[in-house]
Amino acid sequence: MAEQARLIDIYIMGRQCQVPEGLTILTALEYCGYRMIRGCGCRAGFCGACATIYNFKSDPQLRYDLACQKTVEPEMCLVQVPYFPAVKAIYNLEKLKSNGATIKALYPDIVKCFGCNTCTKTCPQELEVMWFMSDALRGDVKAVVEKSFDCVMCGLCAARCPQGLVPYNVALLCRRIYGRYLASASAHLEERIAEIEEGKFDAEIDKLKRLNDKELRRRYTERDMESALEQHWE
Amino acid sequence: MYPAYLEESIHLVEDTRVRRLIETLPRLDEEEKLDLLHQYHPDYISASMRKLQVGINKGDSAPRELADLLEGNSRVDPDRIDPSKPDYNVDVLVIGGGGAGASAALLAQEAGARVLVTTKLRLGDANTVGAQAGTQAADRPNDSPALHYLDTMGGGHFENIPELVEVLVRDAPSAVQWLEKLGVNWDKDPDGSMHELSGGGTSRRRLHSARDYTGLEEMRVLRDELRNRKISYLEFAPALELILDDRRQIAGAVLVNLETQELIVVRARAVILATGGIGRLHIQGFPTTNHYGATADGLVLAYRAGAELIFIDTMQYHPTGAVYPLQILGQLVTEKVRTLGAQLVNSNGEQFVMPLEPRDIVTAAIIRECRENQRGLRTPGGEVGVWLDSPMIDILRGEGTINRELPAMVRQFRRFNIDITKEPILVYPTLHYQNGGIKIDVNGATNVPGLFAAGECTGGVHGRNRLIGNSTLELFVFGRRAGRAAAQYAREVKRGSPTLDHVRRWQKELERSGLARERPLSPRLLPDYIRHTHGRTRLEI
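Engineer: Give a description of the pairing of strand S18 (residues 425-434) of chain B that names residues and reports values.
Structural biologist: Residue and element names in this part refer to chain B. With respect to burial, S18 is a largely interior element, ten of its ten residues being buried. Here strand S14 (residues 315-322) pairs with S18 via six bridges, running antiparallel. Its bridge partner lying in S18, Ala322 is registered against Val427. Where strand S17 (residues 384-389) and S18 come together, three bridges link them in antiparallel fashion. Its bridge partner being in S18, Val386 is matched across the sheet by Val427.

The following block contains the structure:
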């Protein structure tokens, strides 16, 4: 397809290049001869390595995206953000107090947010970054978890914050506090761990290990299958 | 948005939904499965394989792309490096910064070792972050580790190493709890119990997930913990060669700074390989779900140091890679889509395989449907695929389920104006995982003293086909075990004097067998995606 596609002009760090329509920013860079070292990771929108800033020849408004997910457009002017120095609080999760005050104690600068909303406009995952920062300020850990859960930690919010805040690390702290302390524990998980430690399944597993091939295959074929749908169970 | 010519088929998919709601295809029996695999699974195309001519696995088959690298020439000239003058001197060197490497580093440090992690890209750039569906652990009352064992053995066609599977299933619940104590947020029901789903080849619902960002959630927590514990790490510094000593035990590794090209010598009492997968070798030309660095480096390093490999002739092709639009060709459409109720249907809107068969079976069935039965659909880019009928999920489980459970998938397709809550997804198998790798024991130890391995670069636990949710599980189970065992080994080992003689011997063997000129340099380090049709020459600066 690449051979037949219409060629468009893009500008990579100012240099004019022609690429076929339909490439992503990442594959366009490679098409133009750039061998990626930084700025390229999972190539599927999950790792945040390929944070990209761009605008257009005719429109100076800055825009933000992940290079592996965004399709190139005519007249795009591109640059990648291979690394950005961002503050990360160092803490011992086991010794943290599981309340909202902890967030402000570890990231005191979050009070400096003046609500410009640049972070939200920057987020390639379209998360409500400014709103979860204000949740963090109020100590509402659960709200931060819900709003920030899909964060790939690309760092663009921190790169653009005029106050030098690091929303993605603040959100990570909140999620870890929630997962460790605030989410209700799973009783059946704890019971199972105790049962395994007591050796409850040792004999059964041992027996399976000793079965001859034919018998093991029979047990496998004849095992009962639980319905994939929850409502059919119990 | 799909091109207009596909709309007729989409209508057929919509029209058959009511009928398909109550239609259940039977599971295939073992004979039918083997027949399907032999005829259609890519592993069984013998022309794609070659027998290794050198090394400990001489005579074993491997995909040509991998065989070339395993028989490759070293990037290191032993005469120009003095392995006795290290830049770093540590107890445990962990090569690889994904889920297995991070777990190993944390446990090795807890056991008192001085740890250095080195990774080719950034810390956490690994296939771990792309794992969407979940992590298996048999912790519900109607489940048991024995059932998990049986499912895993059957999925792997009973060739798995039983001792490794036993450890996998027994450690699983405590691995899930370990992650939760580090702050991983699992999907839960309101009473705190785990919200668990089925997967292909699992007889119980035992997948623990975090929306469809499971691996990302696990990795960002582990990475953060590594930083909190101030474990040293080097980024953009892949390993080029292991260093042995005159007692033929591990003594460290030679790394390279990818940006400055400087070599770095690390002296280590134990080394843990956690270098991940192989997808970027594009076996048989398949697109891949794998991250940029998945080039089998760990297998190459281990092989040259004399470590045995196992099951290297079997790859996992994930049944549902995206084939449309072209921008996301080969990217993962998580198995969780089928777990939640989506069926696979052909161009006529008919099911052709039970959607929760193990992956190799579903893959072979899709290839048969397209190639043999000619009931696939062709994209404008020339790819072929079948429908994954995602809107079924909201019909079965209520509106809003897709948005809640699959936000990453919804987001990925929305970028291209495809609404997966309303429209099906066009899919075809994509290279996903290497089932085999470095042979290990239950603590991750290889046959080379002091060399440990964990995660995707190892083999044996999955036999010839891995089940959903056993890969992320393996990272934590064997990562932690290898970390602990390496730290203990490092305390006890009597060190010899470091040498690269094994590299000299390797090069001699290549010369002797006439391969030295034919084979490339390895490890590969990075795939080459730049366009070479310029007719321009490149200057190495």
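Engineer: Could you give an account of unusual backbone geometry, naming the residues involved and the relevant values?
Structural biologist: All names here are of chain B. Following Tyr324, the chain continues into Pro325 via a peptide bond in cis, with omega recorded as 0°. Within the fold, Pro325 resides in the loop between S14 and helix H10 (336-339). The residue after Ser522, namely Pro523, is reached through a cis peptide bond having omega 5°. Here Asn417, not a glycine, exhibits a phi torsion of approximately 60°, which is positive. The class for Asn417 is exposed, based on a relative accessible area of 56%.

Engineer: Residue-level account of the packing of aromatic side chains, with values.
Structural biologist: Tallied over the entire structure, the rule returns nine aromatic pairs over all chains. Ring geometry for Tyr220 of chain A versus Phe158 of chain B: centroids 5.5 Å apart, planes at 85°, classification edge-to-face. Of this pair, Tyr220 of chain A sits in helix H10 (residues 213-222) while Phe158 of chain B sits in the loop between helix H6 (145-155) and helix H7 (162-181), which puts the two residues in different chains. Neither residue differs from the other here; Tyr220 of chain A and Phe158 of chain B are each classed as buried. Through successive ring pairs, a cluster of aromatic residues spans Tyr2, Tyr324 and Trp387 of chain B. The side chain of Arg180 of chain A reaches across the aromatic face of Tyr181 of chain A, ending 4.6 Å from its centre.

Engineer: Run through the interface of chain A and chain B, naming residues and quoting values.
Structural biologist: Each partner contributes residues to the interface: chain A has 80 residues there, and chain B has 102 residues. With both sides pooled, the region where chain A packs onto chain B buries about 8100 Å², and carbon together with sulfur makes up 53% of that total. When the area that chain A buries against chain B is broken down by residue, the three leading residues are Phe46, Phe149 and Tyr220 of chain A, summing to 10%. One can count 16 salt bridges joining chain A with chain B. Of the charged contacts in the structure, one is a salt bridge between Arg38 of chain A and Glu259 of chain B, with a shortest N-O distance of 2.5 Å. Contributing elements (two or more residues each) for the side of chain A that touches chain B: helix H1 (25-31), helix H5 (141-148), helix H7 (167-182), helix H8 (187-198), helix H9 (202-210) and H10 of chain A. Looking at side-chain class alone, the side of chain A that touches chain B contains 39 nonpolar, 15 polar and 26 charged residues.

Engineer: Kindly report on a nonpolar patch on the surface, identifying the contributing residues and their values.
Structural biologist: All names here are of chain B. A cluster of nonpolar side chains, namely Leu21, Ile22 and Ile395, defines an oily patch on the protein surface of about 320 Å² accessible area. Examined against the element boundaries, Ile22 turns out to sit in the loop between helix H2 (17-21) and helix H3 (30-40). Among the residues examined, Ile22 registers a relative accessible area of 77% and is labelled exposed.

Engineer: Report on the domain arrangement of chain B, specifying residues and quantitative values.
Structural biologist: All names here are of chain B. What the domain assignment lists for chain B is domain 1 (4-40 + 316-431) and domain 2 (73-314 + 435-499). Each of domain 1 and domain 2 has a C-alpha centre, and these two points are 31 Å apart. Tallying the contact residues gives 32 residues for domain 1 and 32 residues for domain 2. Both faces combined, the contact of domain 1 with domain 2 buries some 2500 Å², and carbon together with sulfur accounts for 56% of it. Here domain 1 and domain 2 share one salt bridge between them. Between Asp187 and Lys336 there is a salt bridge, and its shortest N-O distance comes to 3.9 Å. Scanning the region where domain 1 abuts domain 2 turns up 18 residue pairs in polar contact (both at pLDDT 80 or more). Those elements giving two or more residues to the side of domain 1 that touches domain 2 turn out to be H3, S14, H10, helix H11 (359-371), helix H13 (401-405), helix H14 (407-414) and S18. A breakdown of the residues in the side of domain 1 that touches domain 2 according to their chemical character gives 16 nonpolar, six polar and ten charged.

Engineer: I'd like a description of helix H1 (residues 7-15) of chain B, backed by residues and values.
Structural biologist: Residues and elements named next belong to chain B. Taken together, the buried positions of H1 are occupied by Ser9, Ile10 and Val13. Down the axis of H1, the sector holding all buried residues measures 105°, keeping them to one side. Of the exposed residues in H1, those oriented more than 90 degrees away from the buried face are Glu8 and Asp15. Contacts from the buried residues of H1 go to H2, strand S15 (343-345), strand S16 (377-378) and S17.

Engineer: Report on the pattern of salt bridges, specifying residues and quantitative values.
Structural biologist: Under the counting rule described, the total for this entry stands at 60 salt bridges over all chains. Among the salt bridges present, the one from Arg205 of chain B reaches Glu226 of chain A, with a minimum N-O distance of 3.5 Å. Taken as a pair, Arg205 of chain B in the loop between strand S7 (196-197) and strand S8 (207-208) and Glu226 of chain A in the segment after H10 lie in two separate chains rather than in one. With relative accessibility at 4%, the residue Arg205 of chain B sits in the buried group. For Arg17 of chain B, the salt bridge identified is with Asp389 of chain B, shortest N-O distance 2.7 Å. Highlighted residues: Arg17 of chain B in helix H2 and Asp389 of chain B in strand S17, separated in sequence by 372 residues.

Engineer: Describe in detail the sheet that holds strand S13 (residues 309-310) of chain B, supporting the description with residues and values.
Structural biologist: All names here are of chain B. As summarised here, the arrangement of the three strands in space is S13-S19-S21, forming an open sheet in which the pairing is mixed. The strands lining the two open edges of the sheet, one partner per strand, are S13 and strand S21 (458-459). Pairing analysis gives two bridges linking S13 to strand S19 (residues 437-439), with the strands arranged antiparallel. Across the sheet, Leu309 pairs through a bridge with Ile438, a residue of S19. In this fold helix H9 (residues 297-304) packs onto S13 and S19, with an angle of close to 40° to the strand it touches most, S19.

Engineer: Give a detailed account of the domain arrangement of chain A, specifying residues and quantitative values.
Structural biologist: Many descriptions give the size of an interface as the accessible area lost when the pieces come together. All names here are of chain A. What the domain assignment reports for chain A is domain 1 (7-80), domain 2 (93-182) and domain 3 (187-226). Each of domain 1 and domain 2 was reduced to a C-alpha centroid, and the two centroids are 28 Å apart. With eleven residues of domain 1 at the contact, the number on the domain 2 side is eight residues. Between domain 1 and domain 2, the buried area comes to about 730 Å², and carbon and sulfur atoms account for 67% of it. Taken together, domain 1 and domain 2 are joined by zero salt bridges. Between domain 1 and domain 2 we count one residue pair in polar contact (both at pLDDT 80 or more) in total. Among the secondary structure elements, those contributing two or more residues to the side of domain 1 that touches domain 2 are strand S3 (51-56) and strand S4 (59-66). Here the residues of the side of domain 1 that touches domain 2 are counted per class, giving seven nonpolar, three polar and one charged.

Here is what the cut-offs are and how they apply
- Residue numbers restart at each chain and count upward from 1, following the sequence in its written direction.
- Starting at A for chains and at 1 for ligands, labels are handed out in the order in which the entities are written.
- Only residues with pLDDT of at least 70 get local features here, since the model is predicted, and only at 80 or more are side-chain atom pairs given and counted; chain-wide, interface and lining totals rely on the full set of residues.
- To obtain the side-chain values, all non-hydrogen atoms of the structure were used and water was disregarded.
- Exposure is judged per residue with a 1.4 Å probe applied to protein chains only, and the accessible area is read against the type maximum: over 50% gives exposed, under 20% gives buried, and values in between give partly exposed.
- By the criteria applied, helices consist of DSSP H or I runs no shorter than four residues and strands consist of E runs no shorter than two, each listed in order from the N terminus.
- Pairing between strands is defined by DSSP: at least two bridges between the two strands are required.
- Any pair of Phe, Tyr and Trp rings, taking the six-membered ring for Trp, is counted once the centres come within 6.5 Å. Such a pair is stacked with planes under 30 degrees apart, edge-to-face with planes over 60 apart, and tilted for the rest.
- Whether a charge sits over a ring comes down to the Lys NZ or Arg CZ being within 6 Å of the ring centre and within 35 degrees of the ring normal.
- Whether two residues touch is decided by their heavy atoms; if any such pair falls within 4.5 Å, the residues are in contact.
- By buried area we mean the combined loss of accessible area, with a 1.4 Å probe, across both parts when two parts are placed together.
- Every case where a carboxyl oxygen of Asp or Glu lies within 4 Å of a side-chain nitrogen of Lys or Arg is listed as a salt bridge.
- Following the grouping adopted for this structure description, the nonpolar residues are Ala, Val, Leu, Ile, Met, Phe, Trp, Tyr, Cys and Pro, the charged ones are Asp, Glu, Lys and Arg, and the polar ones are all others, Gly among them.
- Patch membership requires over 30% relative accessible area and the absence of a salt bridge. Like charges are linked within 9 Å, and nonpolar side chains (Val, Leu, Ile, Met, Phe, Trp, Tyr) within 5 Å.
- Surface accessibility in these figures is a Shrake-Rupley result with a 1.4 Å probe; residues are shielded only by whichever protein chains are displayed.
- An automatic or database domain assignment provides the domain bounds reported here.
- Polar contact criterion, stated in full: a pair of N or O atoms within 3.5 Å, where within protein one must be able to donate a hydrogen and the other to accept it, and residues adjacent in sequence count only if both atoms are side-chain atoms.
- The directions considered for the arc run from the helix axis to the C-beta atoms.
- Every axis corresponds to a line fitted to the C-alpha atoms, with the helix fit spanning only the stretch in contact, and the corresponding angles, defined between N-to-C directions, vary from 0 to 180 degrees.

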